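Residue-level listing of the chains:
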Amino acid sequence: MADLSFDDLIADSEKTAKFVNIKAADGSVVKLRDFSHLPGADFKLVLKYIDILQDDKIKENAKIDAMDLCLVAAADRKDALKEMLDLLPLTGRETIFNAWMEAAEVPES
C-alpha cells in the first residue's frame, strides 16, 4: 500500500508547473498556472471556456468574456487579474491569453 501526502502531491505539482507571470501596475505578480496543474474546478472551467472559444456559433462578445474568464480561472490571484483585465485593451488581454496558451499547453477540445 502506498502512502501519499496531499502536501507532497501539491509540492511535486508546483515543481513541474509552468507559469506565465504578469507584473501588475502596482508591482505585484499574478501567476497564470499551467493547464495540467490547475485544481479540478479551475480545470473544468478552463475546458468549458476553451469549448466556447472554439465554437463558431458563439458571438465575439461571448468569446472575449470566455477568454477573460479562462485567464481568471488559471490565475493564482483571481481578483487581481480581474482588475487588470478590466483596465487592459483587448490587444493586451489577447497577448496575455496567447502567452498562457503557449506555455500552458492547453489541449484542443
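All values derive from a computational prediction rather than experimental measurement.

Reading guide: rules and limits
- Residues numbered from 1 in each chain as written.
- Predicted model: local features only at pLDDT ≥ 70, side-chain atom pairs only at ≥ 80, totals over all residues.
- Heavy atoms only, no water.
- Salt bridge = Lys/Arg side-chain N within 4 Å of Asp/Glu carboxyl O.
- Helix = DSSP H or I, 4+ residues; strand = E, 2+ residues; numbered from the N terminus.
- Buried < 20%, exposed > 50% of the residue type's maximum accessible area, 1.4 Å probe, protein only.
- Pairing = 2+ DSSP bridges.
- Contact = heavy atoms within 4.5 Å.
- Polar contact = N/O pair within 3.5 Å; in protein donor to acceptor, adjacent residues only side chain to side chain.
- Axes fitted to C-alpha atoms, helices over the stretch in contact; angles between N-to-C directions.
- Parallel < 35°, antiparallel > 145°, perpendicular 65-115°, else oblique.
- Left-handed = near helix turned anticlockwise from the far one by under 90°.
- Nonpolar A, V, L, I, M, F, W, Y, C, P; charged D, E, K, R; others polar.

Draft legend 1. Seen up close, the pattern of salt bridges. Counted under the stated rule, the structure contains four salt bridges. The shortest N-O distance in the salt bridge between Arg 93 and Asp 68 comes to 3.1 Å. With Arg 93 in helix α5 (residues 90-104) and Asp 68 in helix α3 (residues 60-74), this pair connects stretches of sequence that are 25 residues apart. Of the two residues examined, Arg 93 and Asp 68, each falls in the buried class. Close ionic contact of Lys 82 with Asp 79 constitutes a salt bridge, the shortest N to O distance being 4.0 Å. Here Lys 82 pairs with Asp 79, and both are found in helix α4 (residues 78-87), just three residues apart, close to one helical turn. Given a relative accessible area of 55%, Asp 79 falls into the exposed group. Taken together, the shared-partner salt bridges in this structure form one network comprising Arg 33, Asp 42 and Lys 78.

Draft legend 2. Examining the pairing of strand β1 (residues 19-23) more closely. Residues Val 20 and Ile 22 of β1 are buried on one face, while the alternating residues Phe 19, Asn 21 and Lys 23, pointing to the opposite face, are not. Pairing of β1 with strand β2 (residues 29-33) involves five bridges; the strand directions are antiparallel. The residue of β2 that forms the bridge with Ile 22 is Val 30. Hairpin connection between β1 and β2: a loop of five residues separates the two successive antiparallel strands, and Gly 27 in this loop has a positive phi of roughly 90°.

Draft legend 3. Region of the structure containing the environment of Ser 28. Structurally, Ser 28 is set in the loop between β1 and β2. Placed 25 residues apart in sequence, Ser 28 and Leu 53 show a C-alpha to C-alpha distance of 29 Å. Excluding residues within four positions of it along the chain, Ser 28 makes contact with Ile 22, Lys 23 and Arg 77. In this structure the side chain of Ser 28 is engaged in a polar contact, spanning 2.6 Å, whose partner is the side chain of Asp 26.

Draft legend 4. Local environment of the packing of helix α2 (residues 40-54) against α3. In the contact formed by α2 and α3, the axes pass within 9 Å of each other and the chain directions differ by 160°. Our classification of the angle between α2 and α3 gives roughly antiparallel. Relative to α3, α2 is oriented so that their crossing is left-handed. Counted together, Asp 42, Leu 45, Val 46, Tyr 49, Ile 50, Ile 52 and Leu 53 of α2 and Ala 62, Lys 63, Ala 66, Met 67, Leu 69, Cys 70 and Ala 73 of α3 form the full contact between these two elements. Counted by class, the contact of α2 with α3 contains 12 nonpolar, no polar and two charged residues.

Any functional reading would require information that these geometric values do not contain.
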